[in-house]
Amino acid sequence: MIDPFGRSISYLRVSVTDRCDLRCVYCMSENMTFLPKKDLLSLEELDRLCSAFVEIGVRKLRITGGEPLVRRNIIELFNNLGRHLKTGALSELTLTTNGTQLPAYAEQLVKAGVKRINISLDSLDAQRFKDITRWGNHAQVMDGIRAAKAAGLKIKINIVAMRDVNEDEFNDFVAWCGQEGFDLVFIETMPMGEIDGDRTAQYLPLSLVRAKLAQRWTLDPIPDTTGGPARYTRVKETGGRVGFITPMTHNFCESCNRVRLTCTGTLYMCLGQEDAADLRAPLRASESDELLTAAIREAITRKPKGHDFVIDRTHKRPAVARHMSVTGG
Ligand code: SAM
Ligand code: SF4
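As the structure is a prediction and not an experimental result, all values here were calculated from the model. (Residues numbered from 1 in each chain as written. Chains lettered and ligands numbered in written order. Predicted model: local features only at pLDDT ≥ 70, side-chain atom pairs only at ≥ 80, totals over all residues. Heavy atoms only, no water.)

1. Description of the site of ligand 1
Here is step 1 of the chain: As a structural note, the neighbourhood of ligand 1 is formed by 19 residues, with Y26, G66, E67, S120 and M190 the closest of them.
Here is step 2 of the chain: Between an oxygen atom of ligand 1 and a side-chain N or O atom of Y26, the distance comes to 2.9 Å.
Here is step 3 of the chain: In the complex, the protein chains occlude 95% of the 540 Å² of accessible area that ligand 1 would expose alone.
Here is step 4 of the chain: Residue assignment for the shell around ligand 1 shows that the elements contributing at least two residues are β3 (92–97) and β5 (154–160).
Here is step 5 of the chain: Residue classes in the shell around ligand 1 are distributed as 6 nonpolar, 10 polar and 3 charged. (Near = heavy atom within 4 Å. Polar contact = N/O pair within 3.5 Å; in protein donor to acceptor, adjacent residues only side chain to side chain. Areas by Shrake-Rupley, 256 points an atom, 1.4 Å probe, with all protein chains shown as cover. Helix = DSSP H or I, 4+ residues; strand = E, 2+ residues; numbered from the N terminus. Nonpolar A, V, L, I, M, F, W, Y, C, P; charged D, E, K, R; others polar.)

2. Some thoughts on the packing of aromatic side chains
Here is step 1 of the chain: Taken as a whole and judged by the stated rule, the model has 4 aromatic pairs.
Here is step 2 of the chain: Ring centres of F170 and F186 lie 5.1 Å apart, and the angle between their planes is 75°; on these two criteria the pair is classed as edge-to-face. Placement of F170 in helix α6 (residues 170–180) and of F186 in strand β6 (residues 183–187) is noted, with a sequence separation of 16 residues between them. Comparing F170 with F186, the two get one shared label, buried.
Here is step 3 of the chain: Where F186 meets F244, the ring centres are 5.7 Å apart and the plane angle is 15°; that geometry is what we call stacked. With F186 in strand β6 and F244 in strand β9 (residues 241–245), the pair connects residues that are 58 residues apart, well separated along the chain. Judged on exposure class, the residue F186 and its partner F244 are both buried.
Here is step 4 of the chain: The structure contains a cluster of three or more aromatic residues connected by ring pairs, namely F170, F186 and F244.
Here is step 5 of the chain: Positioned above the aromatic ring of Y11, the side-chain terminus of K60 is 4.6 Å from the ring centre.
Here is step 6 of the chain: One residue, R241, lies across the ring of Y232, its end atom 4.3 Å from the ring centre. (Phe/Tyr/Trp six-rings, centres within 6.5 Å; stacked < 30°, edge-to-face > 60°. Buried < 20%, exposed > 50% of the residue type's maximum accessible area, 1.4 Å probe, protein only. Lys NZ or Arg CZ within 6 Å of the ring centre and 35° of its normal.)

3. What about the pattern of salt bridges?
Here is step 1 of the chain: Here the structure, examined in full by the defined rule, presents 15 salt bridges.
Here is step 2 of the chain: Across the salt bridge formed by R146 and D143, the nearest N and O atoms sit 2.8 Å from each other. Here R146 and its partner D143 are both found in helix α5 (residues 138–150), 3 residues apart, which amounts to about one turn of the helix.
Here is step 3 of the chain: Classification of R146 by relative accessible area gives exposed; the value is 52%.
Here is step 4 of the chain: Given a relative accessible area of 38%, D143 falls into the partly exposed group. (Salt bridge = Lys/Arg side-chain N within 4 Å of Asp/Glu carboxyl O.)

Structural data, given as C-alpha cells:
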C-alpha cells in the first residue's frame, strides 16, 4: 500500500477498546462516556479486519486502546493473529499497555508470539503515580513490569513529559531503565480530547527535556532505523536507549508509515486529522474481503501529508476532538 506522498503503509495500530482502568489526567477526564458495548467490533471481526490489512501489506500490528488488556478475552485475538507471524506474513505483533494486567497476561502474550511491548509509566513514585492516573496502583504496575521482564518480553517504557508534574524524575527514569535493560521514550502531551485540566500548563517541549538530560548523561544520537516518530540516542553511561517523540516541535510526518483503526472499525489515516473511513460497513456487507480491501485501499489514497497540532493559549479547544484512547496513540 503506497499513499499519495509515496509512503509505504506497513504498520497498523488497532484500538480494541476505548475503556480503561485508569484515568490519566492528560488522556481522559474523570467521568468518561464510553461507547456502548454493542457498537464494538467483535474479536472475530477485529481479527478479520487486521488479517485483511496483513493480506495487502501490513507487516506490523500494534494492539492498543484504551487499555487493551481490559477487553474481555483479548488474548484470543493475540492467539489468532499470531498465525500471521508463523507464516511470516507479519513480522511483529505488539501492544501498548498501562501494565496493570500484565501479571496475569505476560506469559500468555509471549506464547501468542509477542516479543516486545510498550508500557506507559509516568512516575516511579506511588503517590505521584496515583495523582497522574487518578485510580492507579503503582505496585500493581511494577508487578506487571516485572512479570513482563520475567516472561522474556523486551520492554519500552513510555513516559509523558509534564511540566511541574514529573520533570524532576527524568534522570531517575534514565538510570532505572538503563539498569533494567528497558528502552525509554519521552512523549510530549498532544492536544487530543477534552480533559478536566489545562494542557498548556502541562506541556513541556522535549527539546528542553533533552537539553536538561544532556547535563547529566552523554546522549549519542543513533541513526533512525524504525521509520517511526521517535528519535533515539544511546546513553553512554548506562548503555541504554532513550528516545524522544516530538509531534509538537518536530514534524515527523514525512516518514509516517502507519494508520489507525478504532474499536468500531473507523480507520484514521492520521492521528492529528479528523478525516476517517468506515470499514465496519464493508466488513459486515459481505463474507468475502473484496469490499473491505477496496475500502482500505481507497482510504489510503486519502492519507494526508501531515498533522496540524498546535498547543497555545489562543486555542481553547483540543486540536482533535477525539481522545487518544479512541485511536490508541
Ligand atoms: N492504555 C495504554 C497505555 O496507557 O499505554 C494504551 C493506550 S494510551 C492512549 C497510549 C499512549 O498514549 C500512552 O503512552 C499515553 O501516555 C499516551 N497518551 C495518551 N493521551 C495523550 C496525550 N494527550 N498526549 C500525549 N500522549 C498521550
Ligand atoms: Fe488509560 Fe492509557 Fe489513557 Fe492512561 S493513557 S487513561 S492508561 S488509555
